[in-house]
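Residues per chain are reported as follows:
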Amino acid sequence: MHERTRAKLGYEPCLWQLRVVEALLKRDEDVVCIAETGGGKTLTFMLPLEFCQDGIMIIITPLNLLGNQHSHARAF
């Protein structure tokens, strides 16, 4: 997952980001991720789309601006 993220996005994911993505891909329980503004949360819910394209992901964002940004985000 680390290599694919670096190759595809040119971005070095943090260990906590990889752990969140791994938990999401397991699909055996809900995942809650809390991080500061600009902390890299976006990668944690965009990256699973690269590895699992047959599921549905529900993202709850507290601000309308964030919701608008992510609804217009393009898939990899």
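Not measured: the values here are computed from a predicted model. (Residues numbered from 1 in each chain as written. Predicted model: local features only at pLDDT ≥ 70, side-chain atom pairs only at ≥ 80, totals over all residues. Heavy atoms only, no water.)

### Some details on helix α2 (residues 15–26)
Working step 1: With twelve residues, α2 extends 17 Å between its outermost C-alpha atoms, agreeing within 8% with the 16 Å of an ideal straight helix rising 1.5 Å per residue.
Working step 2: Residues Gln17, Leu18, Val20 and Val21 constitute the buried set of α2. Taken around the axis of α2, the buried residues stretch over an arc of 160°, which confines them to a single face. What points out from α2, more than 90 degrees from its buried face, is the exposed set Leu15, Arg19 and Lys26.
Working step 3: Taken together, the buried residues of α2 touch α1 (2–9), α3 (41–46) and α4 (48–51).
Working step 4: Arg27, located one to two residues past α2, shows a positive phi value of around 60°. (Helix = DSSP H or I, 4+ residues; strand = E, 2+ residues; numbered from the N terminus. Expected span 1.5 Å × (residues − 1). Buried < 20%, exposed > 50% of the residue type's maximum accessible area, 1.4 Å probe, protein only. Arc of directions from axis to C-beta. Contact = heavy atoms within 4.5 Å.)

### Notes on the confidence of the model for the protein
Working step 1: Predicted confidence across the protein gives a mean pLDDT of 78, with 76% of residues reaching 70 or more.
Working step 2: Here helix α5 (residues 64–71) stands out as the element of the protein with the lowest mean pLDDT, 62, in contrast to α2, whose mean of 90 is the highest. (pLDDT = per-residue confidence, 0-100.)

### Some thoughts on the environment of Leu25
Working step 1: Within the secondary structure, Leu25 is located in helix α2.
Working step 2: On the basis of relative accessibility, which here comes to 28%, the residue Leu25 falls in the partly exposed class.
Working step 3: Remark: the alpha-carbon pair of Leu25 and Leu49, spanning 24 residues in sequence, is separated by 9.4 Å.
Working step 4: Leaving out residues up to four positions away in the same chain, Leu25 has contacts with Met1, Pro48, Phe51 and Cys52.

### Examining unusual backbone geometry
Working step 1: Of note in the backbone geometry, Arg27 takes a positive phi value of approximately 60° without being a glycine.
Working step 2: Mapping Arg27 onto the fold places it in the loop between α2 and α3.
Working step 3: For Arg27, a relative accessible area of 49% translates into the label partly exposed.

### Examining the environment of Cys33
Working step 1: Counting through the fold element by element, Cys33 comes out in the loop between α2 and α3.
Working step 2: Judged by its relative accessible area of 26%, Cys33 is partly exposed.
Working step 3: The sequence separation of Cys33 and Trp16 amounts to 17 residues, and the corresponding C-alpha distance is 9.5 Å.

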